[in-house]
Structure formats: C-alpha cells, structure tokens
Amino acid sequence: MSDVSAVKAALKSQVIETPSWGYGNSGTRFKVFAQPGVPRDPYEKLADAAQVNAYTGVAPKVSLHIPWDEVDDYGALGRHAEDLGLRIGAINSNVFQDDDFKLGSVTHPDPKVRRKATDHLLACVDVMDATGSPDLKLWFSDGTNYPGQDDISGRQDRLAESLSEVYGRLGQDQRMLLEYKLFEPAFYSTDVPDWGTAYAHCLKLGPKAQVVVDTGHHAPGTNIEFVVAFLLREGKLGAFDFNSRFYADDDLMAGAADPFQLFRIMHEVVKNGGLEAAANVNFMLDQCHNIEAKIPAVIRSVTNVQEATAKALLIDSDALAAAQRSGDVLASNGVLMDAFNTDVRPLLAEVREELGLARDPFAAYLASGNQDLIAAARVGGDQAGWGA
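Quick look at the structure, then. All figures in this text were calculated on a predicted structure; none of them were measured in a lab.

Looking at the overall build of the chain
Helix and strand content of the chain: 14 helices and twelve strands. By its C-alpha atoms, the chain is 60 × 55 × 40 Å across when sized along the principal axes. Taken across its 388 residues, the chain has 53% of its residues classed as buried. If you take every contact in the chain between residues at least 6 apart in sequence, the share linking residues at least 24 apart comes to 78%. Per element, the accessible surface of the chain, about 16900 Å² overall, is 53% carbon and sulfur. Averaging the coordinates of the 35 positive side-chain charges in the chain and doing the same for the 54 negative ones gives two points 1 Å apart.

Structure representation (structure tokens):
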C-alpha cells in the first residue's frame, strides 16, 4: 500500500483490545510480584485501561476474565466502561483453577465435573448478555499427564458435546472463540493443542465459532503466519492473542522478543483483508507484566502492534506480486525487508497528532504523573492478581 493517506486511515481505524488481567499483579509459577498502584477491583482495572486508550487512541476495548472480574452487577460494570470511553470486549472463561478440574474440565471423566465446567461457560454467556460483549473466549487446560490416563478420543467427544451446548446458547450477534495451547499444564496430551484441532471443532460447530491464534503458544519453528493466512482464507480466524515468547510460553510484551515475526503475521493480516471491518478479527493483547509497571507496558505493547501494522501496510504489494510471479526470490524477500526496515515511528507520530494525541504516548503517560497518583490512592484492600 503506497498511498500514505490510506495507510494513515487504516492505522487510525485500528482497534487493539487490552486484557483486564494485564493490569493486575502477576508472575511465574513460583512467585507473583506485587506493585504499588495495582487495581483492587474490575472498576479500577477499567480506569487503567482508559489511560491506555487515552494516550494511544486505539484501545477502547477491554477483555474480562471470569471469575477474576466477578461483580454483583455486570450491567453496571458495562455502563462504567462506557462512561470511561470503553466497551467490554471478550469474556474469558476460567475452568482451570478449581480443584475439581485437576483431571480436566469439560473433558473430565466425571460427568458432574463436566456439568460444573459447562455451567460456568454458560454463565459467561450471561455476562456477555449483561455487558454487551460479542465474544466468548475459551481456553482449556484439559489434557493428560500419562499414557493410558484417559481415552484420548473420548475426551474429544466430551469436548465437542460441551462446546455444542454452549454454542447453542449464543445470541445472534455473539460468537465463540476457541484458543489452543501446545502444552502445559498437561504434559502428555493436550485436548486442544493446535490450530488444526481448534479449527476442526469450530468447523463442525458452525459460523459463530472461530479460532484464536495466540502468538506465544506454538512449537518452536511453527510458521504462525501460515496459520494466519490459512484461517483467514477459510473465514475462521476470529481473534489474536498478541504476546511474545522466547522459549515455550507467552507473557512478554507483544513484539518484544521477535518483532520480525509480528511484522510477518501482520503482513498476512493486511494482505488477506484481516484489518477490514467485515473480517471481524479481534486484535487482543494476552499478556501479564511481571516485573514492569502495568500501564506503561500495555502502552508499549499497543505501540509495538501499531508499528508492525504500519510496516505491513507500507509493503509495496504490486512490486511484491510482480517479483513473486517472475520467481525472483531475492526481489520478493527484498520488498518485505524494505518495509520491515522502515522507521515508522515518525508516521505513527503524525497519525497520533492528527487524532489530537501526543506524538509519543509512552513518554506522555510517564510525564502525566498518573503512576504516582494511583500508587498513592490505591492503598489498602486486596490487589487484583493470581496465584503463588
């Protein structure tokens, strides 16, 4: 796309959803690190998300995680989000923390446990109804640790049965987003380990079921951009969970460890129409900030996604297509590398200025003094967070 005005228009219309849990305390399996000023309830999480949106201009949606974001009145929470200039994005279920789910949730061999898990998913649809959320996002830690522990195909049958029941509960304008994860906490078999498994279940369920591509949850060497291109071609890419991984899992800031991979992914998104409103692809951050301050880290992650998107939009698609048709390998790669090596920060600064925002959202937020304000105000009570 060589038209700078068209590139700017695409960047201005981009929407990046941030995760409520990204504003809470987090850590590893061994330790969760507390920080001053961390939210104590979902309302304060939304206030922090509003800060990110105010400085970036492209983050008006916030994902909730149930029961981490449980409140008495979800309608009131949705209205509070609107008052802050936000809206509720995906509702994320949690069927991995209860002791009952040690051997699985919707795939557990005990029908009573499966019933409990499915009822939770149905309750999450109720939260969608109350908040106006369009998406139910599902991730299952279900799997086995030892050969022979359970019937692998039988677990797929149980998974399909639960997904079908929940799918039938969705409203006309709601959809189910199914995430996959290669391994952990199950170390022998995982019930939804890859995009093919998620795709097969979504295909069988129907048009309101789509796949979530989490950029941190793949085997080393997996060509994620191929997965993205395939799912877009089939109309089954529903959402991204952007983050960055170096070894096995996620939770580094998006684009931190491998910005070139993020660029390659966004190239496939742009080329295959994934930025267009009709594609309805949800671009969400799924990451926790263990040692860095929460709001600045989310802002940096948003700008990393913006930079990768801008570079993808600047690819000379005509030159690329011509080089590909002629079989010129080096020229084809060169077109991509020219775009990737472009410094797009001045372009994004212009976009923000035209939107009435600071040219550098990260620096502007730090200069605002908000970090000191929330640290002083949020004293007492229980900080939001998880685990260890």
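Further notes follow.
With respect to the pairing of strand S10 (residues 209-214)
In regular strands, side chains alternate between the two faces of the sheet. Burial analysis of S10 places six of its six residues in the buried class, the great majority of the element. By the bridge criterion, four bridges tie strand S8 (residues 175-179) to S10 in an arrangement that is parallel. Residue Glu-179 lies in a different strand from S10, and its bridge partner there is Val-212. Sheet topology note: the S10/strand S11 (residues 237-242) ladder contains four bridges and is parallel. Note that in S11 the partner of Asp-214 across the bridge is Asp-241. You can see the chain leave S10, run along helix H7 (residues 224-233) and come back into S11, and the turn it takes is right-handed.

Description of the state of the cysteines
Under the defined criterion, the tally for this structure stands at zero disulfides. Between Cys-202, a cysteine without a disulfide, and Cys-124, which holds the nearest cysteine sulfur, the sulfur-to-sulfur distance is 17 Å. With no disulfide of its own, Cys-288 lies 17 Å from the sulfur of Cys-124, the closest cysteine sulfur.

A word on helix H13 (residues 361-368)
Among the residues of H13, the N-terminal cap falls to Asp-360, whose side-chain oxygen and the backbone nitrogen of Phe-362 are separated by 3.2 Å. Downstream of H13 by a residue or two, Gly-369 has a phi angle that is positive, lying close to 80 degrees.

Quick notes on the sheet that holds strand S5 (residues 87-92)
Strand order around the closed barrel formed by eight strands is S1-S4-S5-S6-S8-S10-S11-S12, with parallel pairing between neighbours. Averaged over all neighbouring strand pairs, the angle between strand axes comes to 30 degrees, with direction disregarded. Against the sheet, H7 engages S10 and S11, with an angle of about 165 degrees to S10.

Calculation notes
- Residues numbered from 1 in each chain as written.
- Predicted model: local features only at pLDDT ≥ 70, side-chain atom pairs only at ≥ 80, totals over all residues.
- Heavy atoms only, no water.
- Helix = DSSP H or I, 4+ residues; strand = E, 2+ residues; numbered from the N terminus.
- Buried < 20%, exposed > 50% of the residue type's maximum accessible area, 1.4 Å probe, protein only.
- Contact = heavy atoms within 4.5 Å.
- Areas by Shrake-Rupley, 256 points an atom, 1.4 Å probe, with all protein chains shown as cover.
- Lys, Arg positive; Asp, Glu negative; His and termini not counted.
- Charge placed at Lys NZ, Arg CZ, Asp CG, Glu CD.
- Pairing = 2+ DSSP bridges.
- Right-handed = clockwise from strand over helix to strand, strands pointing away.
- Disulfide = S-S within 2.5 Å.
- Polar contact = N/O pair within 3.5 Å; in protein donor to acceptor, adjacent residues only side chain to side chain.
- Axes fitted to C-alpha atoms, helices over the stretch in contact; angles between N-to-C directions.

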